[in-house]
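Reading the structure
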Amino acid sequence: GPKVLQIPSHQIIDMGQMVTLNCDPVSNHLYFYWYKQILGQQMEFLVNFYNGKVMEKSKLFKDQFSVERPDGSYFTLKIQPTALEDSAVYFCASSFSSGNTLYFGEGSRLIVV
Amino acid sequence: QQQVRQSPQSLTVWEGETAILNCSYENSAFDYFPWYQQFPGEGPALLIAIRSVSDKKEDGRFTIFFNKREKKLSLHITDSQPGDSATYFCAASAGNTGKLIFGLGTTLQVQP
């Protein structure tokens, strides 16, 4: 089936540093999402993105978070500065329309130390 | 506060048996309920989904039974196979937003 690719698969970073998580969505998809999963907890919605803009964000999407997809390249999630509580697996997803199936990547495991 | 609850947390069945995974929700506005299957080290993949206008959705060995009045649904996996061993997430959303609320998942083990 359609594939969403995420880079890196895992990263260890010092608290306070910046990290960028990259997502290569399904080629003809127009809607993009980030979800966060802390170990042992459910996957939680962070943000959705369409036509170059954030459509909706949750309370988990802190001011230190930002998303963009410059010129149709990677859809990125940037965290600056990182905090210990940002340690989690971040899943990117994409869909053709807002009501269609979400296709998820394999996740980027972020460890902040 | 869990808006989507799943039970049991883990389930073991023998090959050929029917596995029943349960899900309940709180928000009456939820109208779309996908089930995702996730294998270790992989991302969740859509298995089957139902909209609140239906009470049953079938796809091969996988069937969703939906009770809107009780805000409950269940995923039945008939003739379970060892390859079905995975974690199954029930999710819900309201309207066509793509904003899914996930449960904690049920880990299914199918013993050969």
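A few points on the structure. (Residues numbered from 1 in each chain as written. Chains lettered and ligands numbered in written order. Predicted model: local features only at pLDDT ≥ 70, side-chain atom pairs only at ≥ 80, totals over all residues. Heavy atoms only, no water.)

Attention shifts here to the overall build of chain A. What chain A contains, in helices and strands, is zero helices and 11 strands. Whereas a compact globule of 113 residues would reach a radius of gyration of roughly 13 Å, chain A reaches 13 Å, a difference of no more than 12%. Expressed along its principal axes, the backbone C-alpha trace of chain A runs to roughly 35 × 25 × 25 Å. Across the 113 residues of chain A, 46% fall into the buried class. For chain A, the exposed surface amounts to about 5800 Å²; the carbon and sulfur share of it is 51%. For chain A, the centre of its 9 positive side-chain charges and the centre of its 10 negative side-chain charges are spaced 3 Å apart. (Helix = DSSP H or I, 4+ residues; strand = E, 2+ residues; numbered from the N terminus. Rg over C-alpha atoms; globule rule 2.2 N^0.38 Å. Buried < 20%, exposed > 50% of the residue type's maximum accessible area, 1.4 Å probe, protein only. Areas by Shrake-Rupley, 256 points an atom, 1.4 Å probe, with all protein chains shown as cover. Lys, Arg positive; Asp, Glu negative; His and termini not counted. Charge placed at Lys NZ, Arg CZ, Asp CG, Glu CD.)

In this assembly, 18 residues from chain B lie in contact with 18 residues from chain A. Here chain B meets chain A over a buried area of about 1500 Å², counting both sides, of which 54% is carbon and sulfur. A salt bridge links K99(B) to E56(A); the shortest N-O distance between them is 3.2 Å. At the junction of chain B with chain A, the criterion picks out four residue pairs in polar contact (both at pLDDT 80 or more). Elements that contribute at least two residues to the side of chain B that touches chain A include exactly β4 (32-38) and β5 (45-51) of chain B. (Contact = heavy atoms within 4.5 Å. Buried area = accessible area lost by both parts, 1.4 Å probe. Salt bridge = Lys/Arg side-chain N within 4 Å of Asp/Glu carboxyl O. Polar contact = N/O pair within 3.5 Å; in protein donor to acceptor, adjacent residues only side chain to side chain.)

This part covers the nonpolar core. Nonpolar side chains in soluble globular proteins tend to be buried together. All names here are of chain B. Residues W35, L73, L75 and Y88 are the most contacted members of the largest nonpolar core, which totals 25 residues. Those elements that place two or more of their residues in this core are β2 (10-14), β3 (19-25), β4, β5, β7 (62-67), β8 (72-77), β9 (86-92) and β11 (106-111). Those residues within four positions of L75 in sequence are excluded, and the remaining contacts are A19, I20, L21, W35, L47, I48, F62, T63, I64 and Y88. (Core = buried A, V, L, I, M, F, W, Y, C linked by side-chain atoms within 4.5 Å.)

Residue and element names in this part refer to chain A. Tallying each qualifying case throughout the model produces two disulfides over all chains. The residue that forms a disulfide with C23 is C92, at a sulfur-sulfur distance of 1.9 Å. On the sign convention where negative means left-handed, the S-S torsion of about -65 degrees between C23 and C92 marks this disulfide as left-handed. Highlighted residues: C23 in strand β3 (residues 19-24) and C92 in strand β9 (residues 88-95), separated in sequence by 69 residues. (Disulfide = S-S within 2.5 Å.)

Here we take up the environment of E17(B). All names here are of chain B. Mapped onto the fold, E17 is located in the loop between β2 and β3. With a relative accessible area of 37%, E17 lands in the partly exposed category. Spatially, the C-alpha atoms of E17 and D79 are 5.2 Å apart, while their sequence positions differ by 62 residues. If we ignore the near neighbours within four places in the chain, the residues touching E17 are I77, T78, D79 and S80.

Within a sheet, adjacent strands bond to each other through the backbone by hydrogen bonds, running parallel or antiparallel. All names here are of chain B. Taken in spatial order, the five strands of this open sheet run β1-β3-β8-β7-β6, and their pairing is antiparallel. The open sheet is flanked by β1 (4-7) and β6 (56-59), the only strands paired with a single partner. Strand-to-strand twist across the sheet, computed as the mean angle between neighbouring axes with direction ignored, equals 15 degrees. Both β3 and β8 contribute to a ladder of six bridges, which runs antiparallel. Note that in β8 the partner of A19 across the bridge is I77. (Pairing = 2+ DSSP bridges. Axes fitted to C-alpha atoms, helices over the stretch in contact; angles between N-to-C directions.)

The next subject is empty space enclosed by the protein. Scanning all chains against the criterion turns up one cavity of 30 Å³ or more. Approximately 50 Å³ is the volume attributed to the largest cavity. Lining the largest cavity are S98(A), G99(A), N100(A), L102(A), Y32(B), R51(B), S93(B), G95(B), N96(B), T97(B), G98(B) and L100(B). Residue composition of the lining of the largest cavity, by class: three nonpolar, eight polar and one charged. (1 Å grid on protein atoms, 1.4 Å probe; cavity = no way out; pocket = protein on both sides within 12 Å on 5 of 7 lines; lining within 4 Å. Points joined across faces, edges and corners; volume = space filled by probe spheres on them. Nonpolar A, V, L, I, M, F, W, Y, C, P; charged D, E, K, R; others polar.)

As for its placement among the helices and strands, S52(B) is situated in the loop between β5 and β6. Once residues lying within four places of it in the same chain are set aside, the contact partners of S52(B) are F30(B), D31(B), F33(B), F66(B) and K68(B).

All names here are of chain A. Taken in spatial order, the four strands make up an open sheet running β1-β3-β8-β7, and their pairing is antiparallel. Each edge of the open sheet carries a strand with a single partner, namely β1 (5-7) and β7 (65-68). In this sheet, neighbouring strand axes are inclined to one another by 15 degrees on average, regardless of whether the strands run parallel or antiparallel. When β7 meets strand β8 (residues 75-79), the two strands line up antiparallel, connected through four bridges. Bridging from a neighbouring strand, V67 pairs with L77 of β8.

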